[in-house]
Amino acid sequence: MKVAFLGLGRMGAPMAAHVVRAGHDVTVWNRTSGKAGNLVELGATEARTVASAVAGAEVVVLMLFGPDAVRAVLSDVLDHAPGALVLDASTVGPDAAHEFAKACHARGLRYVDAPVAGTVKPATDGTLGVFLGGAPEDVAVAQELAELWGDPARVRHVGGVGSASALKLCVNQSLGVMAAGVGEALRLGHDLGLDRDLLLGVLGQTAYGWYVGQKLPMIQADDYSDTTFSVDLMAKDLDLAVTSADSDLEVTRACLDQAKRTLAAGHAGEDYAAITGHLAGEGEANGY
Ligand SMILES: NC(=O)c1ccc[n+]([C@@H]2O[C@H](COP(=O)([O-])OP(=O)(O)OC[C@H]3O[C@@H](n4cnc5c(N)ncnc54)[C@H](OP(=O)(O)O)[C@@H]3O)[C@@H](O)[C@H]2O)c1
């Protein structure tokens, strides 16, 4: 297939590499230049503009920050990739997915929302979970590519456009709640005079076990610079969750507030576990 891959961030670059290695004809583009080196070595072509990247593409993959970034590049895709299937792997939420599908359909393009579950290592290993939302004939095409960066057993057709993005928001709501919850458990333990390492060890055996298992070295070192999923992405997703729901998601809103405070303290690009560190107040020496 002739594939254009737009967005070579932490996730996009390793995902695009799978498409190149599979032998597809891949053109890559990133807003900031200098991110395509490895992909060009593997056999991809680097384009300087969205228009030249998508010209003649059968599938245009988007792996961008969020809805605003997708909106910023989609108009050029609509103008220069007639008839293409837009496979949007970015986390954009269901409302934006519907908006983008409508814009694509109005111009004769097709749209599948295809957000991923998992982070940089699964992206590199090709073992991500992938949720697909769209018409069955479009999903069939999207699935062929999604199974390159995803574990085929975890590539799921959820339903129509937007359904995959809805599922993805629920997944990330759970991560945001855990990051804030563990931070507050640490704060509680601190106030009650508990030893921090003892507490972290025991929290690792509770319902927080998965999160503590993933983030223990960062939390122990109060160093969140080895980012896989950044605080600004988590804030974006918690905001999407709060604004997508009809109900008032009070717990999610409280977690969003914590993410925003962590952002305001200057930790936007750090791993989202910085929300735990910021809330715990344990790392005052490091500016938390
Ligand atoms: N990281 C994870 O663990 C993870 C897991 C699952 C899903 N996701 C989702 O996957 C998507 C990408 O995440 P990531 O971690 O790869 O993010 P990232 O490393 O921050 O990369 C973001 C990408 O979006 C581009 N971008 C941002 N604003 C743009 C704009 N206005 N116009 C054009 N391009 C723009 C960036 O270009 P520049 O290089 O020029 O800034 C970069 O290519 C996000 O939707 C995220 O929520 C991430």
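Note: the structure precedes this text.
Every chain's residues receive numbers from 1 upward, in the order its sequence appears when written. The predicted nature of this model means local features are confined to residues of pLDDT at least 70 and side-chain atom pairs, given and counted, to a pLDDT of 80 or more, with totals for whole chains, interfaces and linings taken over all residues. Only heavy atoms go into the side-chain values, all of them from the structure, while hydrogens and water stay out.

1. Examining the pairing of strand β1 (residues 2-6)
Condition: Burial status follows relative accessibility: with a 1.4 Å probe on protein chains alone, a residue under 20% of its type maximum counts as buried, one over 50% as exposed, and anything between as partly exposed. For helices the rule is a DSSP run of H or I covering at least 4 residues; for strands it is a run of E covering at least 2, with both sets numbered from the N terminus onward. Two strands qualify as a pair provided DSSP detects at least 2 bridges between them. Seen with the strands pointing away from the viewer, any crossover whose path from the first strand over the helix to the second strand runs clockwise is right-handed.
Most of β1 is tucked away, with four of its five residues classed as buried. As paired elements, β1 and strand β2 (residues 25-29) share five bridges and run parallel to each other. Within β2, the residue paired with Lys2 across the bridge is Asp25. The handedness of the β1 to β2 crossover, carried by helix α1 (residues 12-21), is right-handed. As defined by bridge partners, β1 adjoins strand β4 (residues 59-62) across four bridges and the pair is classed as parallel. Of the residues in β4, the one forming a bridge with Val3 is Val59.

2. Some details on the site of the ligand
For clarity, the threshold we go by: Throughout this document, a residue counts as near a molecule or strand when at least one of its heavy atoms sits within 4 Å of that molecule or strand. Here a polar contact is taken to be a pair of N or O atoms separated by no more than 3.5 Å, where protein atoms must pair a possible hydrogen donor with a possible acceptor and residues adjacent in sequence count only if both atoms sit in side chains. The accessible surface values rely on the Shrake-Rupley method and a 1.4 Å probe; as for residues, cover is taken only from the protein chains in view. The residue classification treats Ala, Val, Leu, Ile, Met, Phe, Trp, Tyr, Cys and Pro as nonpolar and Asp, Glu, Lys and Arg as charged. All others, Gly included, are polar.
If you check the shell around the ligand, you find 26 residues, and the closest are Asn30, Thr32, Lys35, Thr119 and Lys236. Between the ligand and Thr32, the relevant distance is 2.4 Å, taken from an oxygen atom to a side-chain nitrogen or oxygen of the residue. Coverage of the ligand by the protein amounts to 87% of the 900 Å² it exposes when considered alone. Of all the elements, helix α11 (residues 231-244) adds the most residues to the shell around the ligand, at three residues. Taken together, the residues of the shell around the ligand sort by class into 11 nonpolar, nine polar and six charged.

3. Some details on unusual backbone geometry
Phi is mostly negative for residues that are not glycine, and the peptide bonds are mostly trans. The residue Asp222 is not glycine, and still its phi comes out positive at about 50 degrees. Tracing the sequence through the fold places Asp222 in the loop between α10 (209-221) and α11. A relative accessible area of 12% means that Asp222 is categorised as buried.

4. Notes on the pairing of strand β9 (residues 150-159)
Inspection of the sheet shows strand β8 (residues 128-133) paired to β9 by five bridges, in the parallel sense. The residue bridging Gly133 from the neighbouring strand is Gly159, located in β9. Read as a crossover between parallel neighbours, the route from β8 over helix α7 (residues 136-149) to β9 is right-handed.

5. Points about the packing of aromatic side chains
As a reminder of what qualifies: Whether two aromatic rings pair depends on their centres lying within 6.5 Å, for rings of Phe, Tyr and Trp, where Trp uses its six-membered ring; planes under 30 degrees apart make the pair stacked, over 60 edge-to-face, and the rest tilted. The rule for a charge over a ring is simple: NZ of Lys or CZ of Arg within 6 Å of the ring centre, and within 35 degrees of the ring normal.
Using the criterion set out here, one finds four aromatic pairs in the structure. Look at Phe5 and Trp149: their rings are 6.1 Å apart centre to centre, the planes differ by 85 degrees, and that puts the pair in the edge-to-face class. Of this pair, Phe5 sits in strand β1 while Trp149 is found in helix α7, placing the two residues 144 residues apart along the sequence. Looking at Trp149, the relative accessible area reads 0%, which means it is buried. Where Tyr211 meets Tyr272, the ring centres are 5.9 Å apart and the plane angle is 55 degrees; that geometry is what we call tilted. Highlighted residues: Tyr211 in helix α10 and Tyr272 in the loop between α12 (250-264) and α13 (274-280), separated in sequence by 61 residues. Look at Tyr211 and you get buried, because its relative accessible area is 0%. Among the aromatic residues, ring-to-ring pairing joins Tyr211, Phe229 and Tyr272 into one connected group. Positioned over the ring face of Phe65 is Lys236, at 5.8 Å from the centre of the ring.

6. A word on the pattern of salt bridges
Pairs can form between side chains of opposite charge once their charged atoms are near each other. Note the threshold: By convention in these notes, a salt bridge is any Lys or Arg side-chain nitrogen within 4 Å of a carboxyl oxygen on Asp or Glu.
Summed over the entire model, instances satisfying the criterion amount to nine salt bridges. Its salt-bridge partner being Asp138, residue Arg110 comes within 3.0 Å of it at the nearest N-O pair. Residue Arg110 is located in strand β6 (residues 110-113), and its partner Asp138 is located in helix α7; the two are separated by 28 residues in the primary sequence. Under the relative-accessibility criterion, Arg110 is labelled partly exposed at 30%. The class for Asp138 is buried, based on a relative accessible area of 5%. By sharing partners, the salt bridges in this structure join Asp68, Arg71 and Glu99 into a single network.

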